[in-house]
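# Descriptive structure summary
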Amino acid sequence: MSTTTRRLTTAQALVRFLSAQYSERDGVRHRLIAGTWGIFGHGNVAGIGQALLEAGEGTMPFHQGRNEQSMVHAAVGYARQLNRLSAQAVTTSIGPGATNLVTGAALATINRLPVLLLPGDYFATRSADPLLQQLEHPVEADVSVNDTLRPVSRYFDRITRPEMLIPAALNAMRVLADPADTGAVTLAMPQDVQAEAYDWPEEFFAERVWHVRRPVVDPCELAEAVQAIRAAGRPLIVAGGGVHHSEAEAALKALVDATGIPVASTQAGKGSLRHDHPADLGGIGHTGTAVSDDIARTADLIIGVGTRYTDFTTASNTLFQQPGVRFVNLNITAFDAHKLAARPLVADARTGLEALTEGLSGHRVDAAYEAEYRAGKARWEEVVQAAYRAEDSAVPTQTQVLGALDAVVGDDDVVINAAGSLPGDLHKLWRARGPRQYHLEYGYSCMGYEIPAGIGVQQAAPGTPVWSLVGDGTYLMMPTEIVTAVQEGLPVNLVLIQNHGYASIGGLSEEVGGERFGTAYRYRAADGTFSGAPLPVDLAANAASLGMDVIRAKTVRELRDALAAARASDRPTCVYVETDPTPTAPPAEAWWDVPVAEVASRDAASSARERYDGHVADRRRHL
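A brief report on the enclosed structure follows. Fair warning: this is a prediction, and the values are worked out from it, not measured in the lab.

This next bit is on the packing of aromatic side chains. The description of two aromatic rings rests on the distance between their centres and on the angle between their planes. Applying the stated rule across the entire model yields 11 aromatic pairs. Ring centres of Tyr369 and Tyr373 lie 5.6 Å apart, and the angle between their planes is 85°; this geometry places the pair in the edge-to-face category. Pair noted here: Tyr369 and Tyr373 are both in helix α15 (residues 367-388), with a separation of 4 residues, about one helical turn. Note on accessibility: Tyr369 and Tyr373 belong to one class, buried. Chaining the aromatic ring pairs together yields one cluster made of Phe17, Tyr198, Trp200, Phe204 and Phe205. Against the face of Tyr22 rests Arg29, its NZ or CZ located 4.4 Å from the ring centre.

Structure below.
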């Protein structure tokens, strides 16, 4: 082994190391860390900042952010668009810069999406103690604010000596490239250690390729799964995000075409089949379609593929009501595969689906079952058409905004959303035409995700039309990365829907007896409540002030024209529309458990509690 060394600072060594890391799956290589987002302060400007400058754009591309949480969201959008095969790093200063990462890290880890976090940290030598922005813990002197990242990271280490970087960096790459273990990875970097020099072995900078494996199914597990599916009279596939991460859409279609088993999708899994496939039933659960939820209630076997079974999917454990219903779960993680007392198939989604297709050769569901779900699908399409239908001169409702967008997008466009009432409307109504078109972050449902994620998607897929859909509440949370889109010349399209408040939570508040308290953006009235006139906030002017082209649309016809103009533009463009608040979305087809006050003096809460107790009676444990 060579003993040649290279003298670099710890930060310089880290940047050089990251530039030589690659992922590989199915013979295709990607840069594992394709670029670094950063906002500089005293905790990283002389360390990682200097190292990035010295390395140059050819070695490690740098992206300038405006908000640390937003930078993580952009990196997550990038990684999701590229099926987790390529990721980005995020560097921040110490203190608030570091703690601003926590929300983004939680989102990444919950959604199983890779991002490398490099927050600055306090002096390892304690030579300056306490320093600016330091949290002094009275009994644990080694605690820093970066420890808030521990529970939301899949791997965490603090580099208090230069040589510690070698095993830590290798472990970080291992986790980022592991499809069963990926998420946020944090290497906390004390600012003095970043600038400290060390003689690094040249082998540390050698090109490394991290193979992203496709585990195959265990023969015994496969045999049990095949037997269970063959014995089922009313099987239903629940497609989750793992289908997309594994690029298993074609394998799923092959299984469905061969067997006739219908598919319902989670928020992360929507688009696993094209919307016009006869076996695609649309979304499932609380925000699902009527046909999906009706089939789910009577299914005797649920085949989960790459899903975590959140409460929105299971309708808080009230959806799967057939007395003898059982589960088969195909998942790359044993943790998820064993949920709901399932027969587990611990494997990659693509290899697992291919094995199931082979094992089920010659098997097909009963023709009457196919006819039933196809008829239900046709009825739901009429619901979609009704929700989208609008007069040209009308002020559009929110669902009519989606209808206008549906008429403009192409098969490869990407539609991004995360929070508010839009996720429910999209899950029920959106007609996904391609595997990457429907980009809903509903694992953490983080307001503020959409705009920076659009930037990340645009970086990952140059030339692809990207649509970030936001309401006024979400926009006010985090519009700052509009400046980044303008700076980088990324033509992200922002559809900004103004309805003067938290519409989604307002509706939920009314349902659970909260009477829409604190959910409207209005002046205070004489009685002290927020029930006065709407606030005179001009969000379109705000977007324009940040550098976006803005098109205001007041009618359905103007909206269609604005969306078409935005799609044709090569600049970041905002389409701004104030919507008619009249509800036009179909109601929820399944329950969601939000506990209601058990005792209350107000009639609304008392009535809501009666309804709640009725739903709770339907909840069951699958054992």
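Here we come to the sheet that holds strand β16 (residues 326-331). Overall, parallel pairing links the 6 strands, which are arranged β14-β13-β12-β15-β16-β17 in an open sheet. In this open sheet, the two strands that pair with only one neighbour each are β14 (280-283) and β17 (343-346). Adjacent strand axes in the sheet meet at a mean angle of 20° when their direction is disregarded. Both strand β12 (residues 235-239) and strand β15 (residues 301-305) contribute to a ladder of 5 bridges, which runs parallel. If you follow Pro235 over to β15, its bridge partner there is Leu301. The sheet contacts of helix α10 (residues 249-259) involve β12 and β13 (263-265), and relative to β12 the element is tilted by about 170°.

Note that Val512 resides in the loop between α21 (503-511) and α22 (539-545). Take Val512: its relative accessible area is 22%, and that puts it in the partly exposed class. Along the backbone, Val512 and Pro179 are 333 residues apart, and their C-alpha atoms lie at a distance of 39 Å. For Val512, the contacting residues outside a window of four places in its chain are Val594, Val596 and Ala608.

Right, let's talk about unusual backbone geometry for a bit. The omega torsion across Asp129 and Pro130 is 0°, close enough to zero to call that bond cis. Positioned with a positive phi, Asn83 is a non-glycine residue whose angle comes to about 55°. Positive phi is not limited to glycine here, since Ala315 has a value of about 50°. As for its placement among the helices and strands, Ala315 is situated in the loop between α12 (311-314) and β16.

The next subject is the sheet that holds strand β22 (residues 549-553). In spatial order, the strands read β19-β18-β20-β21-β23-β22; together these 6 strands make up an open sheet with parallel pairing. What marks the edges here is a single partner per strand, and that holds for β19 (438-440) and β22. On average, each strand axis in the sheet is inclined to that of its neighbour by 20°, with strand direction left out of account.

Quick look at the pattern of salt bridges now. Taken as a whole and assessed by the stated rule, the structure comprises 34 salt bridges. Its salt-bridge partner being Arg297, residue Asp294 comes within 3.3 Å of it at the nearest N-O pair. Taken as a pair, Asp294 and Arg297 lie in helix α11 (residues 290-298) at a separation of 3 residues, close to a single helical turn. For Asp294, a relative accessible area of 41% gives the class partly exposed. Notably, a salt bridge pairs Asp613 with Arg609, separated by 3.1 Å at the nearest N-O pair. Of this pair, Asp613 and Arg609 are both found in helix α24 (residues 603-616), 4 residues apart, which corresponds to roughly one turn of the helix. Assessed through its relative accessible area of 40%, Asp613 is described here as partly exposed. The network of salt bridges with shared partners includes Asp26, Arg214, Asp348 and Arg350.

Rules behind the numbers
Residues numbered from 1 in each chain as written. Predicted model: local features only at pLDDT ≥ 70, side-chain atom pairs only at ≥ 80, totals over all residues. Heavy atoms only, no water. Phe/Tyr/Trp six-rings, centres within 6.5 Å; stacked < 30°, edge-to-face > 60°. Helix = DSSP H or I, 4+ residues; strand = E, 2+ residues; numbered from the N terminus. Buried < 20%, exposed > 50% of the residue type's maximum accessible area, 1.4 Å probe, protein only. Lys NZ or Arg CZ within 6 Å of the ring centre and 35° of its normal. Pairing = 2+ DSSP bridges. Axes fitted to C-alpha atoms, helices over the stretch in contact; angles between N-to-C directions. Contact = heavy atoms within 4.5 Å. Salt bridge = Lys/Arg side-chain N within 4 Å of Asp/Glu carboxyl O.

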